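# Residue-level structural notes
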Amino acid sequence: AQSVTQPDIHITVSEGASLELRCNYSYGATPYLFWYVQSPGQGLQLLLKYFSGDTLVQGIKGFEAEFKRSQSSFNLRKPSVHWSDAAEYFCAVGNNAGNMLTFGGGTRLMVKP
Amino acid sequence: AAGVIQSPRHLIKEKRETATLKCYPIPRHDTVYWYQQGPGQDPQFLISFYEKMQSDKGSIPDRFSAQQFSDYHSELNMSSLELGDSALYFCASSFGGQKDTQYFGPGTRLTVL
């Protein structure tokens, strides 16, 4: 069975500082990996995805993520955080058929002025 | 660009009542997914449909049923509602049924009193 772990429940960073959100997955085959962002009471917005190919993927809003098979990780990064980035971030893995997404527990990001 | 539409956005029901949630996928998307997100929880996969046939099933209670219609919209029917059914219900859509990105709607917030 597939699973996703986001070790950090809450992270606080200062505006302008760099950010890294951790994601570890468990999946038997080549995973399909996603990062979504959710603002309070809102839907899930796709930030980026990895299906195959280049292990460093670029997303929207200046985010990027790196797939590391040896570490079963897909960490999300941003070089300079903006106050508007404060939200909950979910890492997800898709099953082989691409049907069912399994989400991690989420990381709530707070940004200090 | 058109997005996934969900209706209603908010719904309040009493225990033991029934509820019907509707989802209209992005135009030309043929696959619909339903997720349930409890308070402070990550989204949990319920069920999915591809070309009007059930394609995958997750932790959907027997009291719930869903279907996809000829115009690809989907409805989630929930009966004998319980307090624990209070949650945000997301619909997502994709094209092709496999290995593709799921785009999420804004969700329906169901409150059971």
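Computed from a prediction, not measured in an experiment: that's the story for all the values here.

### Description of the pattern of salt bridges
Residue and element names in this part refer to chain A. Tallied over the full model, the rule gives 9 salt bridges over all chains. Between aspartate 8 and arginine 22 there is a salt bridge; the shortest N-O distance is 2.9 Å. Of the two residues, aspartate 8 sits in the loop between strand 1 (3-5) and strand 2 (10-14) while arginine 22 sits in the loop between strand 3 (19-21) and strand 4 (24-26), which places them 14 residues apart along the sequence. For arginine 22, a relative accessible area of 38% corresponds to the partly exposed category.

### Quick look at the nonpolar core
Core analysis: the biggest nonpolar cluster contains 27 residues, and Leu19, Trp35, Leu47, Leu48, Phe74, Leu76 and Tyr89 of chain A have the highest contact counts within it. Among all residues touching phenylalanine 74 of chain A, those that are not within four sequence positions of it are Cys23, Leu33, Phe34, Trp35, Leu48, Lys49, Tyr50, Val57, Ala65, Glu66, Phe67 and Cys91 of chain A. Counting 22 residues, the second largest nonpolar core, distinct from the first, contains Ile47, Met78, Tyr89 and Val112 of chain B.

### A closer look at the interface of chain A and chain B
Contacts between chain A and chain B engage 22 residues on the former and 23 residues on the latter. Together chain A and chain B conceal approximately 1,700 Å² of surface at their shared face, both sides included; 52% is due to carbon and sulfur atoms. For the chain A face of the interface with chain B, the top three residues by lost area are Leu44, Asn99 and Phe103 of chain A, together amounting to 30%. One can count 0 salt bridges joining chain A with chain B. Our count for the chain A to chain B interface comes out at 4 residue pairs in polar contact (both at pLDDT 80 or more). Contributions of two or more residues to the side of chain A that touches chain B are made by strand 5 (32-38), strand 6 (44-50) and strand 11 (101-103) of chain A. For the side of chain A that touches chain B, the leading source of residues is strand 5 of chain A, giving 4 residues. Grouping the amino acids of the side of chain A that touches chain B by side-chain chemistry returns 11 nonpolar, 10 polar and 1 charged.

### Comments concerning the packing of aromatic side chains
Summed over the entire model, instances satisfying the criterion amount to 16 aromatic pairs over all chains. For the pair tyrosine 36 of chain A and phenylalanine 104 of chain B, a centre-to-centre distance of 5.1 Å together with 80° between the ring planes defines the contact as edge-to-face. Within this pair, whereas tyrosine 36 of chain A is found in strand 5, its partner phenylalanine 104 of chain B is found in strand 10 (residues 103-104), the two belonging to separate chains. On the basis of relative accessible area, tyrosine 36 of chain A is assigned to the buried category, the value being 0%.

Definitions and cut-offs
Residues numbered from 1 in each chain as written. Chains lettered and ligands numbered in written order. Predicted model: local features only at pLDDT ≥ 70, side-chain atom pairs only at ≥ 80, totals over all residues. Heavy atoms only, no water. Salt bridge = Lys/Arg side-chain N within 4 Å of Asp/Glu carboxyl O. Helix = DSSP H or I, 4+ residues; strand = E, 2+ residues; numbered from the N terminus. Buried < 20%, exposed > 50% of the residue type's maximum accessible area, 1.4 Å probe, protein only. Core = buried A, V, L, I, M, F, W, Y, C linked by side-chain atoms within 4.5 Å. Contact = heavy atoms within 4.5 Å. Buried area = accessible area lost by both parts, 1.4 Å probe. Polar contact = N/O pair within 3.5 Å; in protein donor to acceptor, adjacent residues only side chain to side chain. Nonpolar A, V, L, I, M, F, W, Y, C, P; charged D, E, K, R; others polar. Phe/Tyr/Trp six-rings, centres within 6.5 Å; stacked < 30°, edge-to-face > 60°.

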